[in-house]
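Residue-level structural notes
Chain by chain, the residues:
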Amino acid sequence: MTLNNIALPHVPGLPVYEPGRPIEEVARELGLRPDAVIKLASNENPLGPSPKAVAAMRRALKNVHLYPDGGGFYLRQGLAEHLGVGMDNIVLGNGSNEIIELLFHAFVAPGDEVIYSERAFAIYMLCAGLFRAKPVAVPMKGHTHDLDAMLAACNGRTKLVFVANPNNPTGTRVANDALCRFLDHVPQHSIVAVDEAYFEFLDDPPDTLRFITRKRAPNIILMRTFSKIVGLAGLRVGYGIAGKEMVALLNRVRQPFNVNAVAQAGALAALDDRAHIERTRQSNRRGRAYLEAEFNKLRLEFIPSAANFICVRVGDGAKLFVALQKRGVIVRPMAGYAMPEWVRVTVGTMPENRRLVRELKRVLAA
Ligand SMILES: *Cc1c(COP(=O)(O)O)cnc(C)c1O
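Since this is a predicted model, take the numbers as computed values, not measurements.

The rules behind the values
- Residues numbered from 1 in each chain as written.
- Predicted model: local features only at pLDDT ≥ 70, side-chain atom pairs only at ≥ 80, totals over all residues.
- Heavy atoms only, no water.
- Salt bridge = Lys/Arg side-chain N within 4 Å of Asp/Glu carboxyl O.
- Helix = DSSP H or I, 4+ residues; strand = E, 2+ residues; numbered from the N terminus.
- Buried < 20%, exposed > 50% of the residue type's maximum accessible area, 1.4 Å probe, protein only.
- Near = heavy atom within 4 Å.
- Polar contact = N/O pair within 3.5 Å; in protein donor to acceptor, adjacent residues only side chain to side chain.
- Areas by Shrake-Rupley, 256 points an atom, 1.4 Å probe, with all protein chains shown as cover.
- Nonpolar A, V, L, I, M, F, W, Y, C, P; charged D, E, K, R; others polar.
- Core = buried A, V, L, I, M, F, W, Y, C linked by side-chain atoms within 4.5 Å.
- Domains from an automatic or database assignment.
- Contact = heavy atoms within 4.5 Å.

For the rest of this paragraph, the subject is the pattern of salt bridges. The tally for this structure, following the rule as stated, stands at 20 salt bridges. A salt bridge links Arg21 to Glu29, with the shortest nitrogen-to-oxygen separation between them at 2.7 Å. With a shortest N-O distance of 2.7 Å, Arg313 and Glu341 are connected by a salt bridge. One end of the pair, Arg313, is in strand 9 (residues 309-313); the other, Glu341, is in the loop between strand 11 (332-333) and strand 12 (342-346), with 28 residues separating them in the sequence. Its relative accessible area of 33% is what places Glu341 among the partly exposed residues. One network of salt bridges, with partners in common, ties together Arg327, Arg355, Glu359 and Arg362.

Shown next as structure tokens:
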């Protein structure tokens, strides 16, 4: 008798999420100094956290003997004001990853169908396995979501449809009108989760909020996060914006204190830190243009990105990943996304971007 026999039969075979490798881990393994290693692997904010958030978190620390506000009142109030929605249109999550899981808890039974793109955020697939749903991975068109094909894949058993815009790992976006048309046509019995983790990087963002405010679509949820543009990935705060009925359901399936007190304080302060958000956007625009120009010079194919990362075709992605890592640059190999010739690099600060290009040239020349 092994524990595997006692576990639910689908659990021992579940795949394990492979995150971007932490700096400390790589430094330890390769005998490098941690400050000599740069991480361009998880689409984090290279400028660091919002300074306003850091100050607010320091103040919040003196009260960590108390449980957090399980209802997240002030953060939801801040978000509601910021977005022009009601407080009861917002559900908080331990990262938007948790919102994804809450959707499965609330809506997905074994055998239900879950639709996403063939190159979508890995968590959709992992949750589908965990909840024994039937995954339906729809082929992409030119590295972008094929929304028509995704719509055609919807049937009576479709419970959840994920559309990340911009998409991770490809960095591509869909046209605003195509997305809105898609949202107008998805059947009412299917929940659509629009994953907007990189929304704030878009120059010309779609007006998806109107599906919540004006159209009051009961089956649409927008997911956003404090992990990317405001630089609070380590805190774990994300949120869903949806109709009241959906929010009420998701609140029933979450842990009472899913977002900790320090995180609530930090996220609320970050909302007001326009300067940090603007700095981040500008730094990203500049860094992305630099990297794309350098990839062009090196005659490396890349996928033009609408986000803060770029997929670039390097030949043997796994090999390049290892070689760069030895030189203290952590990127993300893409074999897990059926893109073995590619790596994904996060746009860093300009010194980080230059270092990436320098090491990339050395490795490719060798
Ligand atoms: C980074 C990312 C998220 C954010 O996850 P958090 O749990 O909020 O840190 C969500 N969706 C996609 C597609 C992402 O790339």
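To continue, consider the site of the ligand. Lining the immediate environment of the ligand, one finds Gly95, Ser96, Asn97, Phe121, Asn168, Asp195, Ala197, Tyr198, Thr225, Ser227, Lys228 and Arg236. Separating an oxygen atom of the ligand from a side-chain N or O atom of Thr225 is a distance of 2.5 Å. The side chain of Lys228 places a nitrogen or oxygen atom 3.4 Å from an oxygen atom of the ligand. For the ligand, the protein covers 95% of the area, taking 380 Å² as the surface of the free molecule. Looking at the shell around the ligand residue by residue, the class counts come to 3 nonpolar, 6 polar and 3 charged.

Take the nonpolar core next. Grouped together as the largest cluster of nonpolar side chains are 51 residues, with contacts concentrated most on Leu79, Phe182, Ile220 and Phe226. A per-element tally of this core places helix 11 (residues 261-271) first, with 5 residues. Taken together, domain 1 (3-48 + 275-365) and domain 2 (51-271) each give at least three residues to this core, which thus spans both. If we skip the residues at most four places from it in the chain, Ile220 touches Leu183, Val192, Val194, Phe211, Ile212, Ile241, Ala242, Gly243 and Met246.

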